[in-house]
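Chain by chain, the residues:
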Amino acid sequence: MIHKLSVLPISIFLVILYFLFSGLSKDPTLIPSPLIGKPVPEFSSTTLFEKKTITNTDLLGETYLLNVWGSWCYGCSIEHDFIMDINSKKTIKIYGLNYKDKRFAAINWLEKKGNPYKSIIFDDTGSIAIDFGVYGAPETFLINDEGIVIHKHIGPIDQAYYKKIILPVIEK
Amino acid sequence: MITEVGNFILSISATLSLCMFSVIFFKKYVGINSRYTFCKIISLTISFLILVSFILLAYAFLTDDFSLRYVANNSNISLDTIYKFSAVWGAHEGSILLWVLVLSVWASCIPILSSNMPKNIIIDMLSIMGILILFFLTFILFSSNPFDRIFPIPLNGRDLNPLLQDPGLIIHPPMLYIGYVGTSVPFVFAVAVLLNGHINTEWISWLRKWVVTSWVFLTIGISLGSWWAYHELGWGGWWFWDPVENASFMPWLAITALLHSLIVSEKRELFINWTILLAILTFSLSLLGAFLVRSGILVSVHAFANDPERGLYILLFLSLVIGLSLALYFLKSKLLISNNQYSITSKEFILLLNNLFLTITTFSILLGTLYPLITSSLDLGKISVGAPYFNFIFSALMLPIVFLMSFAIYSSWSKTNYSYLIKKLGLLLFYSVIIVYIYMNFYLQSDIFVVFLALSLAIFTIFSSSIKILQFLYNSGCSNILKSIFSLPSSMVSNIFAHIGIGVLIIGITMSNYYSIQKEVVMKKNSQVTIKDTSIKFIGVKNKISNNYASQVGIFDAYKNNNYLISFFPEKRTYNIQKNIMTEAAINSTLTRDIYVALGESLSNDSWVVRIYYKPYIQLLWYGVGLMILGGLFGIFGRNKLENIK
């Protein structure tokens, strides 16, 4: 009395279920950026302090870190001391992307905590961050001298990140 | 107080829904009439109790009772009253409460609107509703309780997410939920029918109204979400193929397919077990959507509070409910196969093709949405599928459906005279192609083939549908036009409206996608920018203080041929509590175009980055959706039979 094809729906369902269960135990934030190996998206904005125009071409010519942060973001204050450390080593330039922030709040925050950034792109609407595929602050992109994205890290960066990701690139 | 009463009411409701479910086991021991009355009263009581708990939560919001964690996290003293109310469903806990409220109301409507349905089917439907309600209530009580306390009690709340402080979002979630949850009715119907092992066409025509109703709500809900994105996000886009959007779109596609297969099942007693399967599928996709949104398993731009533990709970429930119903389908669906034959030249065959394409589309979107999960489980690396995949797949599968639409309208049940059909529609298609060709060559001066294809099909659909209805009016022979319009059978009016709506929608999507002009410019005071035929002058920026935000309002005057047209006042708002910055674009709409002005960053010396978009015919998108909804409403409220027609 059983129709042959009627086994199909439940089989498909079980397969989908397998993927759903296996996906549940994995961290979705580990999905790498589709930007890796590709040039940074074009953008044009102003710098946080000087309000000068800054575009993606201004950053070309050397390997740098692009750190996405905001004064409102808790994770950013955790990683901030470490970013100051990296900057004091003078091994790599760090740019900031100030994400969904207010200018005075951001400036205030940096004046209190110190400013490790060579220059800061001001992105109050978050539209540049959207092009970068930012899920939320903090995030850090490692970008080479030709403006190609080499690595993306979600969440606060730390010593392990510096040793594993940044050092090999600098030493090359 | 509110915490205790709220928890008490929800626990009582959970117990009652367990009672309602258990009725299914008492078939042999209790008479049908008492079981029926019992279920009817219980379902009404549950929906009343949940409504009371919902009102309690709303009361807590309106009186700023920050002793509730949920209120403290999502409201603020200075929030506008209307947003205090909509904050009730602004975050996870409250939206699940809204979900279960809607579910219980749908359930209690089943016996009230049961008309001629046999009581045993209604009882089974309600029992299964009981287990669904029980699940959501236990979910609320154990892992997402909006009545949880917070200590110490904060003096002020953390405010509602500013993104949600928008009129569009007051009604978007309730509409969407009514639609989403409405898919539970065909689901419990399908399970009840499988349990009973037989079906009849009167039941199907009864079910059709329910399905159309939830289709209408789902359509309204999805389009409101789109409309909100267009107005609020300041990107000028209205659909992003985000996992959360897909989660609402897949049930829509499935329920659209269901709507069509129900017609065939009702009129011809065909595809009945396919219809039953689709009913299960539609609800499964709704639950899957809830799971995807709540579990954080996929990364989405929609910032919901995600929690894998909640995800696990929904997933376990989903596997149980869907697994069991599909197993039941596997065992029992053979009982429902009819021996009716159909020919390749019939309406039912075209509707079968429609179902085939809609199902394939649904699965392609499901595949795209789950792709990151699949590849990562199989260790193929993590790959995300983006908008290009969805756009391509979706348009490639939609165009044949749209092409078939006109044929479905003109063909007849059982057997159609194809040579007559092709002659008639071929001519219409030819005219449509010519018109679009002339329009594109001489007026638009563009030769994009996809646009040509899409526009031709859209015009073809609009023509063929309108002519069908005009023909009907003409044949009815009534001298009074108004009278003859009202004498049209509602099923016809409803399908013609919906299909013209699709045509209009396609024109809107195609034109605005391919011919939008976008300018991102730096403007100083009194400088001008010309976009298409309109020049826009930047007058200045003034500050505005509101209850819970401060904003900078740009003033722009638009001129057309040196005549003043209109002023634009785009805003940049900074919300006091969460310090978010929101862009409020200013939009001027006419039938043929939208001009969209959004304020970007302020630069030194009084100049601003300004984004200006010119979007041709984007209004047609909303008109098209409006027509589809109107069509659906005709389907719900109109008369079914061909009466008063000569």
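Cut-offs and rules
- Residues numbered from 1 in each chain as written.
- Chains lettered and ligands numbered in written order.
- Predicted model: local features only at pLDDT ≥ 70, side-chain atom pairs only at ≥ 80, totals over all residues.
- Heavy atoms only, no water.
- Helix = DSSP H or I, 4+ residues; strand = E, 2+ residues; numbered from the N terminus.
- Buried < 20%, exposed > 50% of the residue type's maximum accessible area, 1.4 Å probe, protein only.
- Contact = heavy atoms within 4.5 Å.
- Areas by Shrake-Rupley, 256 points an atom, 1.4 Å probe, with all protein chains shown as cover.
- Lys, Arg positive; Asp, Glu negative; His and termini not counted.
- Charge placed at Lys NZ, Arg CZ, Asp CG, Glu CD.
- Axes fitted to C-alpha atoms, helices over the stretch in contact; angles between N-to-C directions.
- Parallel < 35°, antiparallel > 145°, perpendicular 65-115°, else oblique.
- Left-handed = near helix turned anticlockwise from the far one by under 90°.
- Nonpolar A, V, L, I, M, F, W, Y, C, P; charged D, E, K, R; others polar.
- Salt bridge = Lys/Arg side-chain N within 4 Å of Asp/Glu carboxyl O.
- Domains from an automatic or database assignment.
- Buried area = accessible area lost by both parts, 1.4 Å probe.
- Polar contact = N/O pair within 3.5 Å; in protein donor to acceptor, adjacent residues only side chain to side chain.
- Patch = residues over 30% accessible without salt bridge, like charges linked within 9 Å, V, L, I, M, F, W, Y side chains within 5 Å.

1. As for the overall build of chain B
The number of helices and strands found in chain B is 19 helices and ten strands. Based on the C-alpha atoms only, the size of chain B along its principal axes is roughly 85 × 75 × 60 Å. A buried classification covers 57% of the 646 residues belonging to chain B. At a minimum sequence separation of 6, the contacts of chain B that also span at least 24 residues come to 73%. For chain B, the exposed surface amounts to about 26800 Å²; the carbon and sulfur share of it is 65%. One finds the centroid of the 41 positive side-chain charges in chain B at a distance of 11 Å from the centroid of its 29 negative side-chain charges.

2. What to know about the packing of helix H14 (residues 387-410) of chain B against helix H18 (residues 490-515) of chain B
All names here are of chain B. Axis separation between H14 and H18 bottoms out at 11 Å; the angle between their running directions is 155°. With respect to their mutual orientation, H14 and H18 come out roughly antiparallel. Here the hand of the crossing between H14 and H18 comes out left-handed. Of H18, the residues touching H14 (which contributes Val-402, Met-405 and Ile-409) are Asn-495, Ile-496, His-499, Ile-502 and Ile-506. In terms of residue class, the contact of H14 with H18 is made up of six nonpolar, two polar and no charged.

3. Quick word on the pattern of salt bridges
One pass over the structure, following the stated rule, counts 13 salt bridges over all chains. Note that Asp-124 of chain A is salt-bridged to Lys-572 of chain B, the shortest N-O span being 2.1 Å. Residue Asp-124 of chain A is found in the loop between strand S5 (119-123) and helix H4 (127-132), and its partner Lys-572 of chain B is found in strand S6 (residues 571-575); the two belong to separate chains. The partner of Glu-571 of chain B in a salt bridge is Lys-544 of chain B, and the shortest N-O contact between them spans 3.2 Å.

4. Describing the domain arrangement of chain B
Interface size, as often reported, equals the accessible area lost upon joining of the parts. All names here are of chain B. The domain boundaries assigned to chain B delineate domain 1 (1-165), domain 2 (175-410), domain 3 (417-513) and domain 4 (517-617). Measuring from the centre of the C-alpha atoms in domain 1 to the corresponding centre in domain 4 gives 43 Å. Counting from both sides, the interface comprises twelve residues of domain 1 and, opposite them, seven residues of domain 4. Around 830 Å² of area is buried between domain 1 and domain 4 when both sides are counted, 48% of it from carbon and sulfur atoms. Run the count over domain 1 and domain 4 and you get zero salt bridges. In this assembly, domain 1 and domain 4 are joined by one residue pair in polar contact (both at pLDDT 80 or more).

5. So, a nonpolar patch on the surface
Taken together, the side chains of Leu-427, Phe-430, Tyr-431, Ile-434, Ile-435, Tyr-437, Ile-438 and Phe-442 of chain B define a hydrophobic patch exposed on the protein surface, amounting to about 840 Å² of accessible area. Here Phe-430 of chain B shows up in helix H15 (residues 418-444).

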